[in-house]
Amino acid sequence: MLYALCFLLFMIGLYCAVVKKNLVKIVIGLAIMEYAVNLFLIMLGYRVGGTAPIIGRGDVATGVDRLAARFVNNAVDPLPQALVLTSIVISLGSLALLISICIRIYDRYGTFDITEIRRLKG
Amino acid sequence: MSRVLPAFVVVPLVVAFILPVFGKKGKVWATLVANMVTISLLALAVACVGKTGIYEVGNWSSRVGIVLVLDGLASLMLLAVNVVAAAAMLFSVRYMEQYTAKPKYLSLFLLMVAGMNGVVITGDIFNLYVFLEIASIASYALVGFGCEHEELEASFKYMVLGSVASSLILLGIALVYGNTGALNMAYTARAIQGSGVNAGLAFAMSLFIAGFGLKAALVPFHAWLPDAHPSAPAPISAMLSGVLIKALGVYALSRLIFNVFGVSIPVGWVLIALGVLSMVVGVFLAVGQWDFKRLLAYHSISQMGYVVLGIGLGALILAKGGNPLWASLAILGGLFHLVNHAVFKSLLFLTSGSVEMATGTRQLKQMGGLVERMPYTRAACTIASAAIAGVPPFNGFWSKLILVIAAVQAGFFGLAAVTVVVSLVTLLSFLKVQRYVFLGELPEALRNTHETGGSMVTAMLFLASLCLLMSLLVLVPSLRVAVLQPAVDALVEGVNHSIRVANL
């Protein structure tokens, strides 16, 4: 169910990027797509009632076997969080470039409307 | 040998961040350093031919860490990427004098090279995405480098479609991780082999085909390429058409299909359909073009169709359990055409840049009679045109011949016929280029044009001689066994290949 909602968010972003005529709205659509994918990655590692995948000094007192069992049963998967951090940084870079190109286009053409920015054809 | 693998990424990456420091006064030094980097990477790539190995980044074991993998296919792709990078960089020495901010250009160029090398050698799916984005973002910026109306428009269009492709690929990667619990290609391959391809993985596969198809500009996804490639500076057009669409698109896709997911009949048919569509649509759109670089860009789509057709044919034969000999012949044709296209298409873009620099125009109708004014450019352009049209004895002829033989032997006579017809239309289109650019009357406005200088001619002649010499790769058995065959075997061996190389 949650995954379906996440996919819906992705499709909203795709719709926005494909249909909208305004450069900034297209960029917003792309950002929504990226958020949807990030959300999906985080949900992959989510666990109801999970704990942080960290073993503190105090935990060792409970005994290694019980500790390991509790860790396997409760800890959330840390890998997707690392992936999402990376992907957020990457999308920050591409978003910054997209916006700066939008600004340059506005300087040249004086509009954000893609129907008026059509010099290339064929 | 695997110890030098990180150098393919680290060296260009580090130098890329040092170069902008040079500023305007250090332009000469920046150019020199950048050229040294690309040439030493080329030497390193030559040294890696025929070697296999694995490098565990940061000494983390492959279970948890990232691995870099060198195998037959990776070393072939490294060779292609770095040959074209060295030639394009040499060409830029003089060509990029027309633009301001040359050190920034060199820096972006090296970032793109780092990203492509990374995509080729990585053995980790998420790491593949990271390098893919490095190369893509650098290429978006390079397409818009001129900052004029057309360049910005093309760059924006390219970026929007490129970002959609990246999101699709990342969603696919997330699905693969969710279904297999691993990101390392070998572990993923083993998990998929054990469980079979379920609905989630099949969905991931279709996302990958769409995402990497967008990056490779296969026909339903090709809209950005004819705008983006001509708008970039000529050496960048050469890099984009020559290697970027291959390393980021076809290489990554075939690596995932063959070595991670395993081939299946529907995927084989999808690849063949995409290949044939690209071949036919690309070439017919190209024939009507009068802009030199735009014409070349449409031919890139068409020639990528050949590569995908060869690989798809191999996948189909393997999945149907047909004769593996014909499968490996088809894949050989596809991969050989991939490296050939890297060389002759980048050469064609370099000659178009040389002509554009000398005459100031890209319109074929405004040129003519340049044969005496620009003899070297003319010679290079003629060789490359003959190679792309499949005229013997140049390299393009042999790869197309292999593809036709493989198609006939596997019983696909229709595909063989399409291949030959598209090749003839390509020849027609390049006869037009020769006729309008180099033969005919010299227009009054172009009386004073002259050959472009040293580094540009050197780069063109280097690639032109490769067009001829690369025929030896397939004609001389010992060279074929050393260079091409390991790459073909890596794909034919399929899922077991990545597991074997990783020593699981």
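Residues numbered from 1 in each chain as written. Chains lettered and ligands numbered in written order. Predicted model: local features only at pLDDT ≥ 70, side-chain atom pairs only at ≥ 80, totals over all residues.

Colleague: Explain the overall build of chain A to me, please; I cannot follow it from the model alone.
Modeller: The secondary structure content of chain A amounts to 4 helices and 0 strands. In sequence order, the secondary structure elements of chain A are arranged as α-α-α-α. Here the C-alpha atoms of chain A give a radius of gyration of 22 Å, more than 25% beyond the 14 Å that 2.2 N^0.38 yields for 122 residues. Considered along the principal axes of its C-alpha atoms, chain A spans approximately 70 × 30 × 20 Å. (Helix = DSSP H or I, 4+ residues; strand = E, 2+ residues; numbered from the N terminus. Rg over C-alpha atoms; globule rule 2.2 N^0.38 Å.)

Colleague: Looking at this structure, how should I read the overall build of chain B?
Modeller: Per the secondary structure count, chain B includes 20 helices and 2 strands. Since a compact globule built from 504 residues should have a radius of gyration of about 23 Å, the 21 Å found for chain B is in line with a globular shape. Its C-alpha atoms give chain B principal-axis dimensions of roughly 70 × 55 × 45 Å. Looking at chain B as a whole, 63% of its 504 residues qualify as buried. Looking at chain B alone, contacts between residues at least 24 apart form 80% of all its contacts between residues at least 6 apart. (Buried ≥ 20, exposed ≤ 12 C-beta atoms within 10 Å, placed from the backbone. Contact = placed C-beta atoms within 7 Å.)

Colleague: Looking at this structure, how should I read unusual backbone geometry?
Modeller: In most cases, non-glycine residues show a negative phi, while peptide bonds are predominantly trans. Residues and elements named next belong to chain B. The step from Pro 392 to Pro 393 runs through a cis peptide bond, and the omega angle for that step is 10°. Note that Pro 393 resides in the loop between α14 (375–389) and α15 (395–409). The backbone of Asn 59 shows a phi angle near 65°, a positive value even though the residue is not glycine. The phi torsion at Ala 101 lies on the positive side, around 60°, for a residue other than glycine. Topologically, Ala 101 is positioned in the loop between α3 (72–95) and α4 (102–121). By C-beta crowding, Ala 101 is classed as partly exposed, having 16 other C-beta atoms within 10 Å.

Colleague: Explanation requested: α4(B) in the structure shown.
Modeller: In an α-helix, one turn spans 3.6 residues, which is why side chains three or four residues apart end up on the same side. With 20 residues, α4(B) should cover 28 Å at 1.5 Å per step; its first-to-last C-alpha distance of 29 Å lies within 8% of that length. Burial of α4(B) is extensive: 19 of the 20 residues sit out of reach of the surface. (Expected span 1.5 Å × (residues − 1).)

Colleague: How should the interface of chain A and chain B be read in this particular structure?
Modeller: When the parts come together, some accessible area is lost, and that loss is often what is quoted as the size of the interface. With 28 residues of chain A in contact, the opposing surface of chain B contributes 28 residues. Among the secondary structure elements, those contributing two or more residues to the side of chain A that touches chain B are α1 (2–19), α2 (23–45) and α4 (79–109) of chain A. Element by element, the count of residues in the side of chain A that touches chain B is highest for α4(A), at 13 residues. Residue composition of the side of chain A that touches chain B, grouped by class: 19 nonpolar, 5 polar and 4 charged. (Nonpolar A, V, L, I, M, F, W, Y, C, P; charged D, E, K, R; others polar.)

Colleague: Help me out: how do you make sense of the packing of helix α11 (residues 265–287) of chain B against helix α16 (residues 413–438) of chain B in this one?
Modeller: Packed helices, taken two at a time, are described by the angle their axes make and the gap between the axes. Residues and elements named next belong to chain B. α16 packs onto α11 with a crossing angle of 20° between their chain directions and a minimal axis gap of 10 Å. With respect to α16, the element α11 is oriented roughly parallel. For the crossing formed where α11 meets α16, the hand is left-handed. Facing α11, whose interface residues are Val 276, Met 279, Val 280, Val 283, Ala 286 and Val 287, α16 presents Leu 415, Val 418, Val 422, Val 425, Thr 426, Leu 428 and Ser 429. Across the contact of α11 with α16, the residue classes tally to 11 nonpolar, 2 polar and no charged. (Axes fitted to C-alpha atoms, helices over the stretch in contact; angles between N-to-C directions. Parallel < 35°, antiparallel > 145°, perpendicular 65-115°, else oblique. Left-handed = near helix turned anticlockwise from the far one by under 90°.)

Colleague: Which parts of the structure should I look at to understand the pairing of strand β2 (residues 67–70) of chain B?
Modeller: Taken residue by residue, a regular strand's side chains alternate between the two faces of the sheet. Residues and elements named next belong to chain B. Residues Val 67 and Val 69 of β2 are buried on one face, and the alternating residues Leu 68 and Leu 70, pointing to the opposite face, are buried as well. Note that strand β1 (residues 53–56) and β2 share 4 bridges and pair antiparallel. Pairing of Tyr 55 across the sheet is with Leu 68, part of β2. (Pairing = 2+ DSSP bridges.)

Colleague: Looking at this structure, I do not really get the nonpolar core. What am I missing?
Modeller: Soluble globular proteins tend to bury their nonpolar side chains together. Grouped together as the largest cluster of nonpolar side chains are 232 residues, with contacts concentrated most on Val84(B), Leu347(B), Ala384(B) and Cys467(B). Here Leu347(B) is in contact with Ala380(B), Ala384(B), Met460(B), Leu463(B), Ala464(B) and Cys467(B), once residues within four sequence places are set aside. (Core = buried A, V, L, I, M, F, W, Y, C linked by C-beta atoms within 7 Å.)

Colleague: Would you take a moment to explain helix α2 (residues 27–47) of chain B for this structure?
Modeller: All names here are of chain B. Counted at 1.5 Å a residue, the expected span for α2 with its 21 residues is 30 Å, and the 30 Å between its end C-alpha atoms agrees. Buried within α2 are the following residues: Ala 30, Thr 31, Ala 34, Val 37, Thr 38, Leu 41, Leu 42 and Ala 45. Buried residues of α2 fall within an arc of 130° about the axis and therefore sit on the same side. Turned more than 90 degrees away from the buried face of α2, the exposed residues are Val 28, Trp 29, Leu 32, Ala 43 and Ala 47. Looking at the buried side of α2, the elements it contacts are α1 (7–18), α3 and α4. (Arc of directions from axis to C-beta.)

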